[in-house]
Each structure stands twice: as structure tokens, then as C-alpha cells.
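# Geometric and topological summary
Below are the chains, spelled out letter by letter.
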Amino acid sequence: FEGQMKLADARKDYYRRLAHEQGYRARSAFKLKELNESYRLIGPGFYVLDLGNAPGGWTQVAVKLVGNQGKVMGIDLAYVEEITHAHLVRDDIQNEHLPDEILSYFGRKVGAVICDLSPQVTGNWSLDHARQSSLNYDCTKIMDKVLAHRGNAVFKIFDGEYTLEFRDYIKKKFSRVNLTKPAASRKQSSELYLSLIHISEPTRRTPISYAVFCLKK
């Protein structure tokens, strides 16, 4: 067990050091790089929306992937230091006017929505997991309005009682769904990533358990 912990710490330090060497703000940048290498979610010229983008590692990766012909917009409730060639907005994803602002900036629907957000962690696993699931459903509401037909998406999810429900809810919208844990994730972390390929027509149904959770908040 001690050997496994040392290996996990070494891997964590490796990606942190790599992020520093390559100018990324967070080791999470390598999660998106790996997911994109596997599933080709973002390409040159893409318009990309990054929801919950603080501290900006995924936004930095997206900017490099889209190149000079693409556009990237990052949104977070927290302050994010300026990123060259990215448009950053400090706002709440529950703001009902956000989709209009997003479409106004891009001038059309986007090719990819990426979402690596987490709630403020309380230490109460059940509560943190429920809040993270709730945030993801909020993001899907935005996604339904701004993601172009056959566009792609990525969502972080915490592995728990709502995981399969969210996967089943969102997979109905896409041609292909992949649930994976990137190498850059800590081994002991509960986070998983849903890579979603080619959205079809948006649906409007919301799971019953999510609706109940919202009423209890």
C-alpha cells in the first residue's frame, strides 16, 4: 500500500512539474490533451466553450488546439487571469442570459463544450457529489442551446450514485459516449470523464432525482 501511495505521489508530481515546464496553469491540462488525442474532440478552427474554466489550464489547451482560425470562451464564477487569444467571462453558469452572451461572442453555435468544473468541496462526499452532478445538469442546459449539430463535449463527473444516471441522460444526445479516467488523474481521485461525440437534436427531459435535488436545495 505504501508503495502504491509513493507511485501515486510520483505521478502527481510528474504532471505538476510537466505543467510548470510547459506553461500550463494546472496539471489538469494533460487530462484534456489525453482525451483529445483519444477522441479528437477539438480541432483546428473549432469554436470552444469552456465552462468552469478556473484556473485556466483547459482553456490554454483549447487555445492551442483551435489555432488562429478558432475561438475559445471560458466562463467561471471565480476570477481567471487573462489568457492570450481567449475571451474570459466571470459569471455564474446558472445565469439564464449566458447562452445569449455566448452566441453573441461566437456569432454562431460552437463545435465543442468542455466542462471540468467542481463545486466548493465541503468534505461531505454525498453532498459534494450531488452538487457536482447538479452543476453538470446546469451545463447541459447551456450546451443544448449553444452546441452545433454534430458537435462534441467533455464533462467531468464524480464517480458515485448519480454517475450512471447522468451518463444515461446525456448519452441519448450523442452518437458516441466514452467514460474514462485519464492518466493525469490521481489514482485515488473519484473523477471520471465523459467524452461525447457528435450531438444530435437536443432533448429537454430532466431526470426525476435531479429535479428532486433542486427542490431540496
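That block above? That's the structure.
Residues numbered from 1 in each chain as written. Predicted model: local features only at pLDDT ≥ 70, side-chain atom pairs only at ≥ 80, totals over all residues. Heavy atoms only, no water.

### Things to note about the overall build of the protein
Here is the rule: Only DSSP runs of H or I with at least four residues qualify as helices, and only runs of E with at least two residues qualify as strands; both kinds are numbered from the N terminus onward. The cut-offs for exposure are 20% and 50% of the maximum accessible area for each residue type, with area from a 1.4 Å probe on protein chains only; residues under the lower value are buried, those over the upper are exposed, and the others partly exposed. With residues, only the protein chains shown are counted as cover, and all accessible areas are computed by Shrake-Rupley using a 1.4 Å probe.
A tally of regular secondary structure across the protein gives seven helices and seven strands. Buried residues in the protein amount to 48% of all 217 residues. Counting only carbon and sulfur atoms, one obtains 50% of the accessible surface of the protein, whose full area is about 11,400 Å².

### Overview of the packing of helix H5 (residues 125-146) against helix H6 (residues 163-171)
For clarity, the threshold we go by: Comment: axis = line fitted to C-alpha atoms, over the contacting stretch for helices; angle = value between 0 and 180 degrees taken between N-to-C directions. Under this scheme an angle from 65 to 115 degrees is roughly perpendicular, one under 35 degrees roughly parallel, and one over 145 degrees roughly antiparallel; angles in between are oblique. Contacts between residues were defined by any pair of non-hydrogen atoms, one from each residue, lying within 4.5 Å. Throughout this entry, Asp, Glu, Lys and Arg are counted as charged residues, while Ala, Val, Leu, Ile, Met, Phe, Trp, Tyr, Cys and Pro are counted as nonpolar. The remaining residues, Gly among them, count as polar.
Packing of H5 against H6 leaves a shortest axis separation of 11 Å and a crossing angle of 10 degrees. Considering their axes alone, H5 and H6 lie roughly parallel with respect to each other. Side by side, H5 and H6 meet where His129, Asn136, Tyr137, Thr140 and Met143 of the first sit next to Thr163, Glu165, Phe166, Tyr169 and Ile170 of the second. Partitioned by chemical class, the residues of the contact of H5 with H6 number five nonpolar, four polar and one charged.

### Remarks on the side chain of asparagine 152
Formally: Contacts described as polar in this section are N or O atom pairs within 3.5 Å, which, within protein, must combine one atom able to donate a hydrogen with one able to accept it, while residues neighboring in sequence count only if both atoms come from side chains.
Within the element layout of this structure, asparagine 152 appears in strand E5 (residues 147-158). Taking the relative accessible area as the measure of exposure, asparagine 152 reaches 5% and is therefore buried. From its side chain, asparagine 152 meets the backbone oxygen of leucine 41 in a polar contact 3.1 Å long. When sequence neighbours within four positions are dropped, the list of residues in contact with asparagine 152 reads Arg40, Leu41, Phe46, Gly111, Ala112, Val113, Leu147, Phe174, Leu196, Ile197 and His198.

### Some points on helix H4 (residues 98-106)
The condition that has to hold: To be clear, the arc concerns the directions from the helix axis to the C-beta atoms.
All of the buried residues along H4 are Leu98, Pro99, Ile102 and Phe106. Down the axis of H4, the buried set is contained in an arc of 100 degrees. They therefore lie on one face. What points out from H4, more than 90 degrees from its buried face, is the exposed set Asp100 and Ser104. Those residues of H4 that are buried lie in contact with strand E1 (47-51), strand E2 (71-76), strand E4 (110-115) and H5.

### Thoughts on the layout of surface pockets
For clarity, the cut-off: Cavities and pockets are defined on a 1 Å grid built over the protein atoms alone: a cavity is a set of grid points where a 1.4 Å probe fits but cannot escape, while a pocket is an open set with protein on both sides within 12 Å along at least five of seven lines, and lining residues are those with an atom within 4 Å of any such point. Grid points are joined across faces, edges and corners, and a volume is the space filled by probe spheres set on the points.
In this structure, the largest pocket spans a volume of roughly 970 Å³. What lines the largest pocket is a set of 39 residues, and nearest its centre among them are Leu117, Ser118, Pro119, Gln120 and Leu135. Contributing elements (two or more residues each) for the lining of the largest pocket: helix H3 (57-66), H5 and E5. Ranked by residue count, the leading element in the lining of the largest pocket is H5, at six residues.

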